[in-house]
Amino acid sequence: VVTNYRRSRTKFTDDQLKILIDAFNQKPYPGYATKQRLALEINTEEARHRFQKKPECEEVSESSQSHGQGHPGKENQREARRSRTCYSATQLHTLIQAFTKDPYPGIECREQLAKEIGVPESRVQTWFQNRRSRYYTKKQKREPDESLEQNQGQDIRESKVSIEGTQNGANLSSDPLISLKPER
DNA sequence: CCCCTAACCTATTCATAAG
DNA sequence: CTTATGAATAGGTTAGGGG
């Protein structure tokens, strides 16, 4: 059951660890650009030691990366984050459909979805996290009382429906179906 | 069998494109 | 401006794999 739900555990080499720790010490909150650079640095390092086991890296492609840092006054600003990903209606449809089947997709499923809609797997993971925290897990509103909670808060974690049932190619030309409002 | 810690998770907050 | 939602952070839990 489940089988390979997680990505296999990474074993960092001493050199990689050194690079990371060193980077952390001088910048505990690296921005997107720095993280990308570190990923490359670590990977080449790895490739140098081991032949090549995982050509798979991060998606360095992505759109451009032009950080126009131009704040003369503030010298110590937070580094830029990854630019916001904009999903098309089609991509969202695919994601939402997968979500209704399984809100907790394993690495295998996420990887496939990523490939299918053409974004890095990490974006798929983030999407699911956001989706769960906003439309799945019961959200506590600011009101102290008054908002009644109906049952529903349990057994959310073991929906183990077999994925992979999707017959791809369906591609129905229908509405995006972005329903499921949280009511408020 | 146990320990370390990567991989995950939720909850909250920050940020930004769309309206 | 407000809304919707992607990205980052804090902090806790789960489980892979080496000793």
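In this report, we go over the structure that sits alongside the text. Quick caveat, the model's predicted, so the values are computed rather than measured. (Residues numbered from 1 in each chain as written. Chains lettered and ligands numbered in written order. Predicted model: local features only at pLDDT ≥ 70, side-chain atom pairs only at ≥ 80, totals over all residues. Heavy atoms only, no water.)

### Here's the deal with the nonpolar core
Then step 1. The biggest cluster of nonpolar side chains holds 12 residues, and these are Leu 95, Ile 96, Ala 98, Phe 99, Cys 109, Leu 113, Ala 114, Ile 117, Val 119, Val 124, Trp 127 and Phe 128.
Then step 2. The set of elements that each furnish at least two residues to this core consists of helix H3 (89–101), helix H4 (107–117) and helix H5 (121–136).
Then step 3. The residues contacting Leu 95, other than those within four sequence positions of it, are Tyr 87, Ile 117, Val 124, Trp 127 and Phe 128. (Core = buried A, V, L, I, M, F, W, Y, C linked by side-chain atoms within 4.5 Å. Buried < 20%, exposed > 50% of the residue type's maximum accessible area, 1.4 Å probe, protein only. Helix = DSSP H or I, 4+ residues; strand = E, 2+ residues; numbered from the N terminus. Contact = heavy atoms within 4.5 Å.)

### As for the protein's contact with DNA strand B
Then step 1. Near DNA strand B you find 16 residues, and of these Arg 7, Arg 9, Thr 10, Tyr 104 and Arg 132 are the closest.
Then step 2. Within 4 Å of the protein, the contacting atoms of DNA strand B are 69% sugar and phosphate, with bases supplying the remainder.
Then step 3. At 2.7 Å, a backbone N or O of Arg 7 approaches a phosphate oxygen of DNA strand B.
Then step 4. Here a phosphate oxygen of DNA strand B and a side-chain polar atom of Tyr 104 are 2.4 Å apart.
Then step 5. It is H5 that provides the largest number of residues to the surface near DNA strand B, a total of five residues.
Then step 6. Residue composition of the surface near DNA strand B, by class: one nonpolar, six polar and nine charged. (Near = heavy atom within 4 Å. Polar contact = N/O pair within 3.5 Å; in protein donor to acceptor, adjacent residues only side chain to side chain. Nonpolar A, V, L, I, M, F, W, Y, C, P; charged D, E, K, R; others polar.)

### A short note on the protein's contact with DNA strand C
Then step 1. The local shell around DNA strand C holds 16 residues, among which Tyr 29, Arg 84, Thr 85, Arg 134 and Tyr 135 are the closest.
Then step 2. Of what DNA strand C places within 4 Å of the protein, 62% of the atoms are sugar or phosphate.
Then step 3. Note that a phosphate oxygen of DNA strand C is positioned 2.5 Å from one of the side-chain N or O atoms of Tyr 29.
Then step 4. Between DNA strand C and Trp 127 there is a distance of 3.5 Å, counted from a phosphate oxygen to a side-chain nitrogen or oxygen.
Then step 5. Of the residues assigned to the surface near DNA strand C, the class counts are four nonpolar, four polar and eight charged.

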